[in-house]
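Working through the structure, step by step
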Amino acid sequence: MTEHKHSHEHVHNHDVCIEQALETAEAVCTEQGQRLTKVRRRALELIWQSHRPLGAYQLLAKLAEEGFNSAPPTVYRALDFLISAGLIHKVESMNAYLGCAHADKAHKGYFLICDECQNVMEFDYQDIHKTLIAKAAEQGFELRSDTIELTGLCADCRATGSQPS
Ligand SMILES: [Zn+2]
Ligand SMILES: [Zn+2]
Ligand SMILES: [Zn+2]
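An unreviewed UniProt entry annotates the chain as Ferric uptake regulation protein originating from Marinomonas gallaica. Its UniProt record gives the chain the following Subcellular location (unreviewed entry) comment, quoted word for word: "Cytoplasm".

Here is the structure:
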């Protein structure tokens, strides 16, 4: 069992998250007629090491350590593939990549980012998104944004916030 390092973090069996993500990735690739090559798969696994988004340079360094062809174009191509397959999201404000737990369903990236532990959660945006489209339309504006990134304090950090870590 891989336990998250951050002391504030609620401990869950993260191996299950990783396992499910890889299973979904295989299924999604098969369905799209794509191949989950070694470097794509390993990049996905590394991004899934936690619920904290991973930067491209950290990913590059880890792949290099493991003897992969870690030339930036290779790594960026793998990231582009994982994004276009819907397996990861780019969290723009952190300039980092997050594994998606709902990769088998088309959706937009609405993110809750914890200021304290940097964990990112996706949240159910359907109603909010409809409201935003309607409000923008009132001003004759066609909304094209696909992602919203909100910062705050996650449940675990709130629960342990007053205690010394
Ligand atoms: Zn997990
Ligand atoms: Zn997602
Ligand atoms: Zn937190």
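This is not the end of the story, as more comes after the structure.
**Remarks on the sheet that holds strand β2 (residues 88–91)**
Two orientations exist for strands paired in a sheet by backbone hydrogen bonds: parallel and antiparallel. A sheet is described by the order of its strands in space; here three strands give the open sequence β1-β3-β2, paired in antiparallel fashion. Both outer strands of the open sheet, β1 (54–55) and β2, are each paired with one neighbouring strand and no more.

**Quick word on the sheet that holds strand β6 (residues 147–152)**
Strand order in the open sheet formed by three strands is β5-β4-β6, with mixed pairing between adjacent strands. Edge positions in the sheet fall to β5 (120–122) and β6, since each of these pairs with one other strand and no more. Along the sheet, successive strands turn relative to each other by an average axial angle of 25°, direction set aside.

**Description of the packing of helix α3 (residues 56–65) against helix α4 (residues 72–84)**
It is the contact of α3 with α4, at a shortest axis distance of 10 Å, that shows an interaxial angle of 115°. The handedness of the crossing between α3 and α4 is right-handed. The segment α3 lies against α4, with A56, L59, L60 and L63 engaging P72, V75 and L79.

**Remarks on the UniProt feature "binding site: Zn(2+)" (unreviewed entry) in the chain**
Per the UniProt record, the feature "binding site: Zn(2+)" (unreviewed entry) sits at C114, C117, C154 and C157. Considering the C-alpha atoms alone, the annotated residues occupy 44 residues of sequence yet fold into one spot, their largest mutual distance being 8.2 Å. Here C114 lies in strand β4 (residues 109–114). Judged by the 22 C-beta atoms lying within 10 Å of it, C114 is buried.

**A closer look at the confidence of the model for the chain**
Parts of the model with low pLDDT should not have their predicted coordinates read in detail. On average, residues of the chain score 89 in pLDDT, and 92% of them reach the 70 mark or higher. Below a pLDDT of 50 lies the segment residues 1–8, which in the model reaches 17 contacts outside its immediate sequence neighbourhood of four places, other chains included.

**Some details on helix α2 (residues 38–47)**
In an α-helix, one turn spans 3.6 residues; hence positions three or four apart end up facing the same way. Of all the residues in α2, the buried ones are R40, A43, L44 and I47. For α2, the angular spread of buried residues about the axis comes to 100°, placing them on one side. Taken together, the buried residues of α2 touch α1 (14–32), β1, α3, α4, β2 and β3 (96–99).

**Let's talk about the pairing of β4**
A regular strand places its side chains on the two faces of the sheet in alternate fashion. Note: β4 against β6, six bridges, orientation parallel. For L112, the partnering residue across the bridge sits in β6 and is L150. Between the antiparallel neighbours β4 and β5 lie five residues, among them Q118 with a positive phi of about 65°.

**Overview of the nonpolar core**
Core analysis: the biggest nonpolar cluster contains 29 residues, and A43, L44, I47, L82, L87, I88 and Y97 have the highest contact counts within it. Counting residues per element, the ones that place at least two in this core are α1, α2, α3, α4, β2, β3 and β4. Broken down by element, this core gets its largest block of residues, five residues, from α4.

**Looking at the environment of S70**
Relative to the helices and strands, S70 is located in the loop between α3 and α4. Between the alpha carbons of S70 and V39 there is a distance of 9.0 Å; along the sequence they are 31 residues apart. When near neighbours in sequence (up to four residues on either side) are disregarded, S70 contacts L60, L63, A64 and V75.

Rules of the game
Going along each chain's sequence as written, the residues are numbered from 1 onward. Chains and ligands are labelled sequentially in the order written, the chains with letters from A and the ligands with numbers from 1. Whole-chain, interface and lining totals are the exception, using all residues; otherwise, since this is a predicted model, local features are given only for residues with pLDDT of at least 70 and side-chain atom pairs are given and counted only at 80 or more. UniProt positions are given in the numbering used here, feature names are shortened, and annotations may be inferred rather than shown by experiment. At least two bridges found by DSSP between two strands is the condition for calling them paired. Numbered from the N terminus, helices here are DSSP runs of H or I no shorter than four residues, and strands are runs of E no shorter than two. Whenever a helix is involved, its axis is fitted only over the stretch in contact; in every case the axis is a line through C-alpha atoms, and angles between N-to-C directions fall within 0 to 180 degrees. The hand of a helix crossing depends on one turn: near helix anticlockwise from the far one by less than a right angle means left-handed, and clockwise means right-handed. By the convention adopted here, residues make contact when the C-beta atoms placed from their backbones lie within 7 Å. Between the buried cut of 20 or more and the exposed cut of 12 or fewer other C-beta atoms within 10 Å of a residue's own C-beta lies the partly exposed class, and all C-beta atoms are placed from the backbone. Think of pLDDT as the predictor's per-residue confidence, scored from 0 to 100. The directions considered for the arc run from the helix axis to the C-beta atoms. In this description, a nonpolar core means buried residues of the types Ala, Val, Leu, Ile, Met, Phe, Trp, Tyr and Cys, linked to one another by C-beta atoms lying within 7 Å.

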